[in-house]
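# Descriptive analysis of the structure
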Amino acid sequence: IDPGVLKKTMQPILVAPREPEIAVNPPASLTLEIKNVEKNTVISRIFFRFESSDLSKKARQTLNKTINILNKFPENKVTIEGNTCAYGSEKTNKTLSYDRAWVVRSYLTKNGINRKRIVMKGLAYKKPIAKNNTTKGRAHNRRVDVIIVK
């Protein structure tokens with residue numbers, strides 16, 4: 001092929017840049033101590049690395065505390081909401097958010113929480129807790145909320 005013809009017919013391929021904070025550590029996970037359930041309450045937040053559904057050591061420690069709380073309230077249902085930052089397509093984020101919820105559900109059920117108590121949701125980036133226009137904000141939005149239901 002004549003290089004001149006090739007040069008004229010080639011179109012540039014635009015590729016979205018990778019998120020620069022891939023190596024940023026997620027925020028510390030948290031668990032609330034509760035004495036009674038008066039309303040639907042987020043009892044723990046599990047944070048994840050960019051494009052990951054892997055549980056960190058801190059996340060597993062937080063989930064162990066979550067299990068202790070859930071065992072104190074065996075009659076209550078649990079909602080697990082997977083979330084992502086707003087980087088990427090809605091389809092990709094929907095899948096990732098569901099995968100994150102699934103990993104948390106699996107950990108809870110493998111450690112004695114009855115799966116019939118659990119409802120999972122993959123919300124993608126529809127329920128942010130921070131702005132998605134900063135590295136820190138996106139890190140806070142890559143999470144799973146464990147909610148004890150009244």
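The shown structure was predicted, so the numbers you read here are calculated from the model rather than taken from an experiment.

### A word on the overall build of the protein chain
Counting secondary structure elements, the protein chain contains four helices and five strands. Shown N-terminal to C-terminal, the secondary structure of the protein chain runs as helices and strands in the order α-β-β-α-β-α-β-α-β. Scored against the burial criterion, the 150 residues of the protein chain give a buried share of 40%. Taking the intrachain contacts of the protein chain between residues at least 6 apart in sequence as the baseline, contacts between residues at least 24 apart amount to 75%. Carbon and sulfur atoms provide 55% of the accessible area of the protein chain, an area that totals close to 9300 Å².

### A word on the confidence of the model for the protein chain
Residue-level pLDDT values for the protein chain average 84, and 77% of them are 70 or greater. Below a pLDDT of 50 lies the segment residues 1-24, which in the model reaches 19 contacts outside its immediate sequence neighbourhood of four places, other chains included.

### Quick word on helix 3 (residues 90-110)
Along an α-helix, a turn takes 3.6 residues, which lines up residues three or four apart on a common side. For helix 3, spanning 21 residues, the distance from its first C-alpha to its last is 30 Å, which sits close to the expected 30 Å at 1.5 Å a residue. Taken residue by residue, helix 3 has Asn93, Leu96, Ser97, Arg100, Ala101, Val104, Arg105, Ser106, Tyr107 and Leu108 as its buried positions. Looking at the buried side of helix 3, the elements it contacts are strand 2 (41-47), helix 2 (57-72), strand 3 (77-82), strand 4 (118-122) and strand 5 (143-149). Backbone geometry just after helix 3 places Gly112 at a positive phi near 100 degrees.

### Looking at the packing of aromatic side chains
The tally for this structure, following the rule as stated, stands at one aromatic pair. Aromatic pair Phe50 and Tyr87: ring centres 5.7 Å apart, planes at 65 degrees, arrangement edge-to-face. Taken together, the residues span a long stretch of sequence, with Phe50 in the loop between strand 2 and helix 2 and Tyr87 in the loop between strand 3 and helix 3 at a distance of 37 residues. In this structure Phe50 comes out as buried when scored by relative accessible area, which is 9%.

### With respect to the packing of helix 2 against helix 3
Contact geometry for helix 2 and helix 3: axes closest at 10 Å, N-to-C directions at 55 degrees. Taken together, the axis directions place helix 2 and helix 3 in an arrangement best described as oblique. You can see that helix 2 and helix 3 cross each other, and the crossing is right-handed. Residues Arg60, Leu63, Asn64, Thr66, Ile67 and Leu70 of helix 2 touch helix 3, and the partners they reach there are Val104, Tyr107 and Leu108. Looking at the contact of helix 2 with helix 3, its residues break down into six nonpolar, two polar and one charged.

### Structural notes on the nonpolar core
The biggest cluster of nonpolar side chains holds 23 residues, and the ones touching the most others in it are Ile46, Leu55, Ile80, Val104 and Leu108. For this core, the elements supplying multiple residues, two or more each, are strand 2, helix 2, strand 3, helix 3, strand 4 and strand 5. With five residues, helix 2 is the largest single contributor of residues to this core. Contacts of Val104, omitting those with residues within four sequence positions, involve Ile46, Phe48, Leu55, Leu63, Ile80, Val144 and Val146.

### With respect to the pattern of salt bridges
Pairing between side chains of opposite charge can happen when the charged atoms of each approach one another. Going through the model one piece at a time under the given rule, you end up with four salt bridges. Among the salt bridges present, the one from Arg45 reaches Asp145, with a minimum N-O distance of 2.6 Å. With Arg45 in strand 2 and Asp145 in strand 5, this pair connects stretches of sequence that are 100 residues apart. The class of Arg45 is partly exposed, set by a relative accessible area of 21%.

### Section: the side chain of Thr84
The topology assignment puts Thr84 in the loop between strand 3 and helix 3. Here the side chain of Thr84 touches Asn93 through a polar contact of 3.2 Å, side chain to side chain. Among the polar contacts listed, one links the side chain of Thr84 to the backbone nitrogen of Tyr125, at a separation of 3.4 Å. Not counting chain neighbours up to four residues away, the residues in contact with Thr84 comprise Asn93, Leu96, Ser97, Arg100, Ala124, Tyr125, Asn141 and Arg142.

Definitions and cut-offs
- Chains are numbered independently. Their residues run from 1 in the order of the written sequence.
- Reporting in this predicted model follows two pLDDT cut-offs: at least 70 for local features of residues, and 80 or more for side-chain atom pairs to be given and counted; totals over whole chains, interfaces and linings ignore these cut-offs and use all residues.
- Water and hydrogen atoms were dropped before computing side-chain values, which therefore reflect all heavy atoms in the structure.
- Helix and strand definitions here come from DSSP, where helices need a minimum of 4 consecutive H or I residues and strands a minimum of 2 consecutive E residues; each element is numbered from the N-terminal end.
- The buried label applies to any residue whose accessible area, calculated with a 1.4 Å probe on protein chains only, is under 20% of its type's maximum; exposed applies above 50%, and partly exposed to all values in between.
- Throughout, a contact is declared for two residues whenever any of their heavy atoms are within 4.5 Å.
- Areas reported here follow the Shrake-Rupley algorithm with a probe of radius 1.4 Å; residue values treat only the protein chains shown as occluding.
- Known as pLDDT, the predictor's confidence for each residue is given on a scale from 0 to 100.
- The span one expects for a helix is its residue count, reduced by one, times 1.5 Å.
- Ring pairs are drawn from Phe, Tyr and Trp, using the six-membered ring of Trp, whenever the two centres fall within 6.5 Å, and their geometry is named by plane angle: stacked under 30 degrees, edge-to-face over 60, tilted for the rest.
- Lines fitted to C-alpha atoms define the axes here, with helix axes fitted over just the stretch in contact, and angles between the N-to-C directions of these axes take values from 0 to 180 degrees.
- Here the word oblique covers every angle except those under 35 degrees (roughly parallel), over 145 (roughly antiparallel) and from 65 to 115 (roughly perpendicular).
- Two helices cross in a left-handed way if the nearer one is turned anticlockwise from the farther one by less than a right angle. They cross in a right-handed way if the turn is clockwise.
- For this classification, Asp, Glu, Lys and Arg are treated as charged, while Ala, Val, Leu, Ile, Met, Phe, Trp, Tyr, Cys and Pro are nonpolar and the rest, including Gly, are polar.
- Take the buried residues of types Ala, Val, Leu, Ile, Met, Phe, Trp, Tyr and Cys, join any two whose side-chain atoms come within 4.5 Å, and each joined set is a nonpolar core.
- By definition, a salt bridge exists where a carboxyl oxygen of Asp or Glu is found within 4 Å of a side-chain nitrogen of Lys or Arg.
- Two N or O atoms form a polar contact when they lie within 3.5 Å of each other; inside protein one atom must be a possible hydrogen donor and the other a possible acceptor, and for residues adjacent in sequence the pair counts only when both atoms belong to side chains.

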